[in-house]
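# Commentary on secondary and tertiary structure
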Amino acid sequence: MPRTMKRPRMEDSSEEEYEEEATFSQRVKVQPDTVPMDQEDLDRNVKAICRYALSCEYKKKTIRREDLAKLLNEPFKRLLQLVLSRAQEKLRHVFGFEIVELPNMKEKSNQSQTQRNGGSGSTQTQTQTQQVPYKKVPGGSSGTYVLRSVLREEYRTPDIIERPAREYQLTGILYVLLSLIFINGQSMNTADLNGHMDRLKLTKTIHGVEGIRARDELISEFLKDGYLKRSKLPDPDTDEPQFTYTWGPRAMVEVGHAGISAFAISFFGDDLDEDTKQDLNRKIWKQAGYVEQK
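Residues numbered from 1 in each chain as written. Predicted model: local features only at pLDDT ≥ 70, side-chain atom pairs only at ≥ 80, totals over all residues. Heavy atoms only, no water.

The protein is annotated in an unreviewed UniProt entry as MAGE domain-containing protein from Mucor circinelloides f. circinelloides.

A few words on the overall build of the protein. A tally of regular secondary structure across the protein gives 11 helices and 10 strands. Taking contacts inside the protein between residues at least 6 apart in sequence as the whole, the part at least 24 apart equals 66%. Total accessible area on the protein is roughly 17,900 Å²; 49% of this is exposed by carbon and sulfur atoms. (Helix = DSSP H or I, 4+ residues; strand = E, 2+ residues; numbered from the N terminus. Contact = heavy atoms within 4.5 Å. Areas by Shrake-Rupley, 256 points an atom, 1.4 Å probe, with all protein chains shown as cover.)

Let us look at helix H1 (residues 39–58). For H1, spanning 20 residues, the distance from its first C-alpha to its last is 29 Å, which sits close to the expected 28 Å at 1.5 Å a residue. Across the 20 residues that make up H1, a large majority, 16, are buried. Just past H1, the residue Lys-60 takes up positive phi, approximately 55°. (Expected span 1.5 Å × (residues − 1). Buried < 20%, exposed > 50% of the residue type's maximum accessible area, 1.4 Å probe, protein only.)

Turning our eyes to something else, we now look at the environment of Ser-149. Structurally, Ser-149 is set in strand S7 (residues 144–149). A relative accessible area of 25% means that Ser-149 is categorised as partly exposed. A sequence separation of 50 residues divides Ser-149 from Ile-99, and the C-alpha atoms of the two residues are 9.1 Å apart. Side-chain polar atoms of Ser-149 contact the backbone nitrogen of Leu-151, separated by 3.2 Å. (Polar contact = N/O pair within 3.5 Å; in protein donor to acceptor, adjacent residues only side chain to side chain.)

Reading across the sheet, the three strands line up as S8-S10-S9 and stay open at both edges, with antiparallel pairing between neighbours. The strands lining the two open edges of the sheet, one partner per strand, are strand S8 (188–189) and strand S9 (228–232). Alignment of S9 against strand S10 (residues 243–247), held across five bridges, turns out to be antiparallel. Within the sheet, the bridge partner assigned to Arg-230 lies in S10 and is Tyr-245. (Pairing = 2+ DSSP bridges.)

Below, the discussion takes up the sheet that holds S7. What the three strands build is an open sheet, ordered S3-S7-S4; its pairing is antiparallel. If you trace the sheet from one side to the other, it starts and ends with strand S3 (63–64) and strand S4 (97–101), each paired once. Relative to S4, helix H3 (residues 80–95) is tilted by about 140°, and along the sheet it contacts S4 and S7. (Axes fitted to C-alpha atoms, helices over the stretch in contact; angles between N-to-C directions.)

Once that is clear, we can look at the pattern of salt bridges. Considering all chains together, one arrives at 18 salt bridges under this definition. The partner of Arg-44 in a salt bridge is Glu-40, and the shortest N-O contact between them spans 3.1 Å. On the criterion of helical spacing, the pair formed by Arg-44 and Glu-40 is a turn pair, its members being four residues apart in helix H1. Glu-217 is the partner of Arg-213 in a salt bridge, and the nearest nitrogen-oxygen pair spans 3.6 Å. It is possible to trace a salt-bridge network through shared partners that takes in Glu-57, Lys-60, Arg-250 and Glu-254. (Salt bridge = Lys/Arg side-chain N within 4 Å of Asp/Glu carboxyl O.)

Right, let's get into unusual backbone geometry. One non-glycine residue with positive phi stands out, namely Lys-60, at about 55°. Mapping Lys-60 onto the fold places it in the loop between H1 and S3. Non-glycine residue Lys-201 carries a positive phi angle of around 65°. With respect to the helices and strands, Lys-201 occurs in the loop between helix H7 (190–199) and helix H8 (215–224). The exposure class of Lys-201 is exposed, given its relative accessible area of 68%.

If you want it as structure tokens, here you go:
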């Protein structure tokens, strides 16, 4: 293509949001068997990935690897990993997000073995082993991603980041449900979950949450967004289908077991000393099925 002919922009807006001091003649060194490419072309594809990822996060939609590849021009379709790496840098430094792959989760059949191997006396070790009840399916990645905030906690206050009231309501309800499931051995059946929600006044008919009129709609929202996962129980004692609820892949990467433990401890107030917090933390992890190793 002659240098006087420029490709049309993929989008007219936000062209300068990620702009770096790069000229059209700058080259990017890639794999030895490929031809060097223009920095401007690379930047254009990086911006397309960033815009798409941010729009997916706004809609709580997962990002699929094949959809990312469709956004790219040749030869960048064959260099997706390079473009993702550059997009990751932009998202981190400009917007405070990072792209993380959702786990390809599969429940382990031997829960007792999980409990024996999953526990530890320190919060750090517990954080590292927090995904012990699940494993990645052998042979590969899930191919789906989400954006996760990398902002420090002190920068996530309502004074700095304003969110819709509906998002605050749903997040509060979700965190309580995730806490209940976690301390119940990391799973909960339909009857127990409904019982807890009844006590929280989240009955079959729900008032005060925009767009949510029934409890089933609330659960469906969390299932659709990947925060909860459910498996149908065989041969239920009732005519209605019964399920076992566990954490979904988005909850694993966005919240994490250590995060939900800290959330539960926060209900006890800010006056707790460090020893009391550590003791509560150990009890929560024990309830979740982890065994403290001496």
